[in-house]
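Spelled out from the first residue to the last, the chains are:
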Amino acid sequence: MKTLLTNIRSAIQNSSYLTYVKKVEVVGKDYIPTIMATQTPWVGIAPVTSPENWITNAKKEVVHTVEIYIANYFQKIETAIIGDDNNRGILDVINDLWSELRNKNFSDYLDKPCDLNLTAYNYGAYEEKYYL
């Protein structure tokens, strides 16, 4: 799991799609640290599970699951979602992350390519003006 988290973080930080991302860090599941508006777009990577199963005699399969959190800050909720001429919206950040990570196996670290599932959007308190 540690290698996977490191590989995901490196892929995001070195991506030509994601040069506008200000901060990438590994966090705990369901934990988002204090994020300053100047640190957005922010990406957090959280380890979730790594269950092991015997699939054949003397062969074990491990399925790593991580969650990726994205925080963006805008004055208007519309631009937080779809962006504008000067800023990337949350959908743009998700698409860029998707493009960077989908089908990667990180130089043969994983024996199957990454499979991404989009699960939920959320937002902070109205006065905080964050969109997740």
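Residues numbered from 1 in each chain as written. Predicted model: local features only at pLDDT ≥ 70, side-chain atom pairs only at ≥ 80, totals over all residues. Heavy atoms only, no water.

## Details of the pairing of strand E2 (residues 42–49)
As a reminder, the rule being used: Strands qualify as paired when DSSP identifies two bridges or more between them. Working definition: helices are DSSP H or I runs of at least four residues, strands are E runs of at least two. Numbering for both runs from the N terminus.
Summarising the sheet, strand E1 (residues 23–26) and E2 pair through four bridges and their orientation is parallel. By the bridge assignment, Val24 is partnered in E2 with Val43. In the sheet, E2 pairs with strand E5 (residues 65–73) via seven bridges, with the strands oriented antiparallel. When the bridges of E5 are listed, Ala46 appears paired with Glu67.

## Quick word on the confidence of the model for the chain
The predicted coordinates of low-pLDDT regions are not to be read in fine detail. Short version of the rule: One number per residue, pLDDT, summarises how confident the predictor is, and it ranges from 0 to 100.
With 92% of its residues at a pLDDT of 70 or more, the chain shows a mean pLDDT of 82. The lowest-confidence element of the chain is strand E6 (residues 130–131), averaging 59 in pLDDT; the highest-confidence one is E1, averaging 92.

## A look at unusual backbone geometry
Cis geometry marks the peptide bond from Thr40 to Pro41, where omega comes out at 0°. Assignment of secondary structure puts Pro41 in the loop between E1 and E2. Phi is positive for Asp30, close to 60°, though the residue is something other than glycine. In this structure, Asp30 sits in the loop between E1 and E2.

## Observations regarding a nonpolar patch on the surface
The condition that has to hold: Patch definition: residues above 30% relative accessible area lacking any salt bridge, with like charges linked at up to 9 Å and the nonpolar side chains Val, Leu, Ile, Met, Phe, Trp and Tyr linked at up to 5 Å. Accessibility throughout is a Shrake-Rupley quantity obtained with a 1.4 Å probe, and a residue counts as covered only by protein chains that appear here. Every case where a carboxyl oxygen of Asp or Glu lies within 4 Å of a side-chain nitrogen of Lys or Arg is listed as a salt bridge.
Together, Ile82, Leu91, Leu118 and Tyr121 line one region of the surface with nonpolar side chains, adding up to about 360 Å² of accessible area. Topologically, Tyr121 is positioned in the loop between helix H3 (90–101) and E6.

## Concerning the packing of helix H1 (residues 2–13) against H3
For clarity, the cut-off: For helices, the fitted axis covers only the stretch in contact; all axes are lines through C-alpha atoms, and the angles between them, taken along N-to-C directions, range from 0 to 180 degrees. When an angle is under 35 degrees it counts as roughly parallel; over 145 it counts as roughly antiparallel; between 65 and 115 it counts as roughly perpendicular; any other value is oblique. If you view the pair so one helix is near and one far, a crossing is left-handed when the near helix is turned anticlockwise from the far one by less than a right angle, and right-handed when it is turned clockwise. The criterion used for residue contact is that any of the two residues' heavy atoms lie within 4.5 Å. All amino acids are sorted into three groups, where Ala, Val, Leu, Ile, Met, Phe, Trp, Tyr, Cys and Pro are nonpolar, Asp, Glu, Lys and Arg are charged, and the leftover types, Gly among them, are polar.
Contact pair H1 / H3: the axes reach a minimum separation of 10 Å and the direction vectors enclose 120°. As summarised for this structure, H1 and H3 are arranged oblique, according to the angle between their axes. At the point where H1 passes H3, the crossing takes the right-handed sense. Facing H1, whose interface residues are Ile8, Ala11 and Ile12, H3 presents Leu97, Glu100 and Leu101. A per-class count over the contact of H1 with H3 returns five nonpolar, no polar and one charged.

## Points about the nonpolar core
Counted only if it meets this: Each nonpolar core is a collection of buried residues, namely Ala, Val, Leu, Ile, Met, Phe, Trp, Tyr and Cys, held together in the definition by side-chain atoms within 4.5 Å. Three labels apply to residues, based on accessible area from a 1.4 Å probe with only protein chains included: buried if under 20% of the type maximum, exposed if over 50%, partly exposed otherwise in between.
By size, the foremost hydrophobic cluster in this structure holds 20 residues, and its most contacted members are Ile8, Ile12, Val43, Ile70, Leu97, Leu101 and Phe106. When contributions to this core are tallied by element, the ones reaching two or more residues are H1, E2 and H3. When neighbours within four sequence positions are excluded, Ile12 is seen to be in contact with Leu18, Val24, Val43, Ile45, Leu97 and Leu101. The next biggest cluster of nonpolar side chains, apart from the first, holds six residues, and it includes Val27, Ile35, Trp42 and Tyr69.

## What about the pattern of salt bridges?
This structure, assessed with the given rule, holds eight salt bridges. As a salt-bridge pair, Glu25 and Lys23 come within 4.0 Å of each other at their nearest N and O atoms. Accessibility expressed as a relative area gives 29% for Lys23, which makes it partly exposed. The shortest N-O distance in the salt bridge between Arg102 and Asp115 comes to 3.6 Å. Linking Arg102 in the loop between H3 and E6 with Asp115 in the loop between H3 and E6, this pair joins segments that are 13 residues apart in sequence.

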